[in-house]
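Listed below are the residues making up each chain.
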Amino acid sequence: LRLARGARTRTRTTAMRASRGGAFVALALALLAIATPTHALITNEGVEKDGRPKIPIALDFGFDPQGGIDIKIKNPVHIYTTEGAEPVDRTQMGFLISFAKADAELEDELAKGTCILDSQYVKKLFTMQDIADQTTEEGQDFVYSNTIAKDMAGQYSLYFVNCVEHSAVSFDITVELYNHMEGGKKDYLSAGEKPLPTLYFLCFCAFVAMGCAWAWNLHTSRNTQPGSVQKIHLLMLLLVMMKALTVLCQALMFHSRRVKGDADGWNIAYYFFTSVRGLMLFTVVVLIGTGWSFLKPFLNEREKNVLMIVIPMQVFANIATIVLDDNGVALAGWLEWRDLFHLLDIACCCAILFPIVWSIKHLREAALTDGKKVRNMNKLILFRQFYVMVVAYIYFTRIIVYLLKQTMAYNMTWLADLASEAATMCFYCVTGYMFRPIPDNPYLHLNEDELDEESIEMYVEEGRSV
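Residues numbered from 1 in each chain as written. Predicted model: local features only at pLDDT ≥ 70, side-chain atom pairs only at ≥ 80, totals over all residues. Heavy atoms only, no water.

Draft legend 1. Seen up close, the nonpolar core. Core analysis: the largest hydrophobic core is formed by 43 residues, its most contacted members being F207, L281, I288, F386, F427 and Y428. Only α4 (196-224), α5 (231-260), α6 (266-290), α10 (373-407) and α11 (414-434) provide two or more residues apiece to this core. For this core, the leading source of residues is α5, giving 11 residues. Ignoring any residue separated from it by four or fewer positions in sequence, one finds F427 in contact with L281, V285, M389, V390 and Y393. Within the second largest apolar cluster, 29 residues are counted, among which are V47, I55, L125 and V164. (Core = buried A, V, L, I, M, F, W, Y, C linked by side-chain atoms within 4.5 Å. Buried < 20%, exposed > 50% of the residue type's maximum accessible area, 1.4 Å probe, protein only. Helix = DSSP H or I, 4+ residues; strand = E, 2+ residues; numbered from the N terminus. Contact = heavy atoms within 4.5 Å.)

Here you go:
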């Protein structure tokens, strides 16, 4: 009776924790939906009393030959300086575009005190004096258009530069960056993003096919091998479906941005599904790494703590990133915060490795001590292979893909997205194969022959099962 009461108490406690966890995730997703920005290639930025020498307006847009820039600045534009100072030289304030890969050189020139409006690494568009000359009537907006010459195609960033010390500016600006489709219509996607609508739709089809194959496998296994289908298998199916919906929303979002310059609400669905998918991915990896549903039907306190740390961190990073995007790149400190949240995402990825390491340590000790050495040794090999695969997946998608985007030609950056999706497909497929529903999970061909300690170490190091 005491055991039964204890079991019921633990069950109620677990249910209460699950309920609180579900409520937390639901609240986070609601906040995420509220905070979602309207991300567009038609950019509206407001700069308010900003005295930075270089203010980013639009970053890393790939222009094909004959691509265009349309800018509208609302009148009036306000310039602030210290009391008693000389009149501001408006020719020392203006807008420019620079090659995205010239940022380091521009930062060096800024550090030397050089006015980068006249730098060899930039193309000056217009100055505040040009705005003053063309907006003589009250309420008249300044309008500017420019076309990228055939020999100047590439990836550019748009900046406002202020070379006047002890001064600040306020203005509202609308920017359209575009290339051209066949027929002359505007294409608001960067040159390196043009294949993305098709790419993500094909990925959607692939993930749906993967989900259907996995569902059929679960159905067949449930009928032919009773007891082989575990709860984790159903979570893995749900993860694949969330990924499919994510890439479908990405395809529709990029298509809308191509023709309208605006995500037209598809970004809301995308951010929702990608956040759910991200939370599920971390949860599934942690649960597999702890052996939940395969090795044991419960999680210990240490493993629960990992989930309670990683999941809120992921929710926070997702919401913070979206709120940051909503404020636009002109926000002071925007680049620094973006890099910080990228590091936070990598930290979450590293944190989910700990449960796998703990499982490996536990299985290694068990393989050398109890009476089922072969069984535990094969499980140990499996979890070591899973650990290596997770590390490789994290390293590739978080670091290698980022480096690919930074080093690829301006019109080939879509290959980084292709590499990321291909790596995700491989990771899902291999994980599904390794932990597929078969009797005596996971994926082990066991015999109960005893092995000595030296043999076990040899098999584990070579990564071979018995």
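Draft legend 2. Broad picture of the state of the cysteines. Across all of its chains, the model carries 1 disulfide by this definition. Here C426 is not cross-linked by a disulfide; its sulfur's nearest cysteine counterpart is in C429, at 6.8 Å. Note on C426: relative accessible area 49%, which makes it partly exposed. (Disulfide = S-S within 2.5 Å.)

Draft legend 3. Broad picture of the sheet that holds strand β5 (residues 93-99). Across the sheet, 4 strands lie side by side as β2-β8-β5-β6; this open sheet has antiparallel pairing. Looking at the sheet topology across the chains shown, the edges are occupied by β2 (54-63) and β6 (122-127). Between one strand and the next, the sheet's axes are offset by a mean angle of 20 degrees, whatever the strand orientation. Relative to strand β8 (residues 154-162), β5 runs antiparallel, the two sharing 7 bridges. Paired with G94 across the bridge in β8 is V161. (Pairing = 2+ DSSP bridges. Axes fitted to C-alpha atoms, helices over the stretch in contact; angles between N-to-C directions.)

Draft legend 4. Main features of a nonpolar patch on the surface. On the surface, Y395, I399, Y402 and L403 cluster together into a nonpolar patch covering about 380 Å² of accessible area. Within the secondary structure, I399 is located in helix α10. With a relative accessible area of 32%, I399 lands in the partly exposed category. (Patch = residues over 30% accessible without salt bridge, like charges linked within 9 Å, V, L, I, M, F, W, Y side chains within 5 Å. Areas by Shrake-Rupley, 256 points an atom, 1.4 Å probe, with all protein chains shown as cover. Salt bridge = Lys/Arg side-chain N within 4 Å of Asp/Glu carboxyl O.)

Draft legend 5. Region of the structure containing the side chain of R398. On the secondary structure map, R398 appears in helix α10. A distance of 3.2 Å separates polar atoms of two side chains, one belonging to R398 and the other to T397. (Polar contact = N/O pair within 3.5 Å; in protein donor to acceptor, adjacent residues only side chain to side chain.)

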